[in-house]
Amino acid sequence: MQTEASIREAASELDAALEAGDEDRVVACFAADCELELLGVRLRGHGGVRRWLAWVSGRVDRVAFRPGVIMVEGDTLVEEFAVTGCLGEGRTVESEWAEVLTYRDDLVTSLRLYFDPIGFAPVLGLVGRVMGPAVMRLARRGLAPFEVIAGTPGAHA
């Protein structure tokens, strides 16, 4: 029987599998009929999970997570967390994310990821490094005076 403790344990296993870069172990955390949503795209099933993993590995060499707030209500886990993406040549990129996972029998049936893709602008090469901060400054226009939160994309704006 699925419980809050078993959901938390399943979520921890998913994070560990992602950090280890173990595609089969990640896929095993998902139900066959799962759905993933990120950046306005919906992926379905284990094939969708593999497509998502290919997308991630095409941008970063490996990821590490730093958990923040984690809440479980019924079959749903909501989490805020930081992601560190390790790029080639020892470079890293950090971003704040949120996710909503729904579980059935301790397997993910739905994963919705929310993050600002501008935070990953460095993985897009020179164009991303130049455009990311500029886009963030434009997005913040009209909010002045405001306090820029350290560590956020375009924090120097």
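Cut-off values and rules
- Residues numbered from 1 in each chain as written.
- Predicted model: local features only at pLDDT ≥ 70, side-chain atom pairs only at ≥ 80, totals over all residues.
- Heavy atoms only, no water.
- Phe/Tyr/Trp six-rings, centres within 6.5 Å; stacked < 30°, edge-to-face > 60°.
- Helix = DSSP H or I, 4+ residues; strand = E, 2+ residues; numbered from the N terminus.
- Buried < 20%, exposed > 50% of the residue type's maximum accessible area, 1.4 Å probe, protein only.
- Contact = heavy atoms within 4.5 Å.
- Pairing = 2+ DSSP bridges.
- Lys, Arg positive; Asp, Glu negative; His and termini not counted.
- Salt bridge = Lys/Arg side-chain N within 4 Å of Asp/Glu carboxyl O.
- Axes fitted to C-alpha atoms, helices over the stretch in contact; angles between N-to-C directions.
- Polar contact = N/O pair within 3.5 Å; in protein donor to acceptor, adjacent residues only side chain to side chain.
- pLDDT = per-residue confidence, 0-100.

Asker: I'm lost on the packing of aromatic side chains in this one. Help?
Answerer: In this description, an aromatic ring pair is defined by two values, namely the gap between the centres and the angle between the planes. For the structure shown, the criterion picks out four aromatic pairs. Judged by centre distance (3.9 Å) and plane angle (10°), the rings of W97 and F115 are stacked. Of this pair, W97 sits in strand β5 (residues 92-104) while F115 sits in strand β6 (residues 107-115), and the two are 18 residues apart along the sequence. Of the two residues, W97 and F115, neither departs from the other in class, the shared state being buried. An aromatic cluster of at least three residues, connected via ring pairs, comprises F65, F81, W97 and F115.

Asker: I tried to follow unusual backbone geometry on my own but got confused; where do I start?
Answerer: Excluding glycine, a negative phi dihedral is what most residues carry, and trans is how most peptide bonds are arranged. Although it is not a glycine, D105 adopts a positive phi angle of roughly 55°. Take D105: it is sitting in the loop between β5 and β6.

Asker: Is there a simple way to think about the side chain of T84 in this case?
Answerer: In this structure, T84 sits in strand β4 (residues 76-86). Overall, T84 belongs to the buried group, its relative accessible area being 17%. If near-sequence neighbours (up to four positions away) are discounted, T84 is found in contact with R62, V63, A64, T92, V93 and E94.

Asker: What am I meant to see in the pairing of strand β2 (residues 41-44) here?
Answerer: In the case of a regular strand, side chains alternate between the two sheet surfaces. The pairing of strand β1 (residues 30-38) with β2 spans four bridges and is classified as antiparallel. Counted as the bridge partner of E35 is R44 from β2. Adjacent in sequence and paired antiparallel, β1 and β2 are bridged by two residues, among which L39 carries a positive phi angle near 55°.

Asker: For this particular structure, what's the right way to read the side chain of E99?
Answerer: Tracing the chain through its elements places E99 in strand β5. The charged side chain of E99 is buried without a salt bridge, its nearest counter-charge being R112 at 11 Å. Those residues within four positions of E99 in sequence are excluded, and the remaining contacts are L77, V78, E79, F81, L111, R112 and L113.

Asker: What am I meant to see in the sheet that holds β4 here?
Answerer: Note: strands within a sheet are paired through backbone hydrogen bonds, in either parallel or antiparallel orientation. Overall, mixed pairing links the six strands, which are arranged β2-β1-β6-β5-β4-β3 in an open sheet. Both edges of this open sheet fall to β2 and β3 (62-73), since each of them pairs with a single strand only. Mean inter-strand twist for the sheet, computed between neighbouring axes without regard to direction, equals 20°. Bridge count for β5 against β6 is eight bridges, and the pairing is antiparallel. What sits directly across from A98, in β6, is Y114.

Asker: Would you mind going over the environment of S6 with me for this structure?
Answerer: Inspection of the secondary structure assignment puts S6 in helix α1 (residues 4-20). Under the relative-accessibility criterion, S6 is labelled buried at 16%. Sequence separation of S6 and D105 is 99 residues, and the distance between their C-alpha atoms is 9.1 Å. Excluding its chain neighbours within four sequence positions, the residues that come into contact with S6 are M1 and D106. A distance of 2.7 Å separates the side chain of S6 from the side chain of D106, its partner in a polar contact.

Asker: Even after reading the chapter, I still don't get the confidence of the model for the chain, so can you show me in this structure?
Answerer: Where the model shows low pLDDT, its predicted coordinates should not be examined in detail. Chain-level statistics for the chain give a pLDDT mean of 83 and a share of 75% at 70 or above. Least confident of the elements in the chain is helix α4 (residues 126-140), whose mean pLDDT is 56; most confident is helix α2 (residues 23-27), at 98. Taken together, the stretch residues 153-157 has pLDDT below 50 and engages in 17 contacts with residues farther than four places along the chain or on a different chain.

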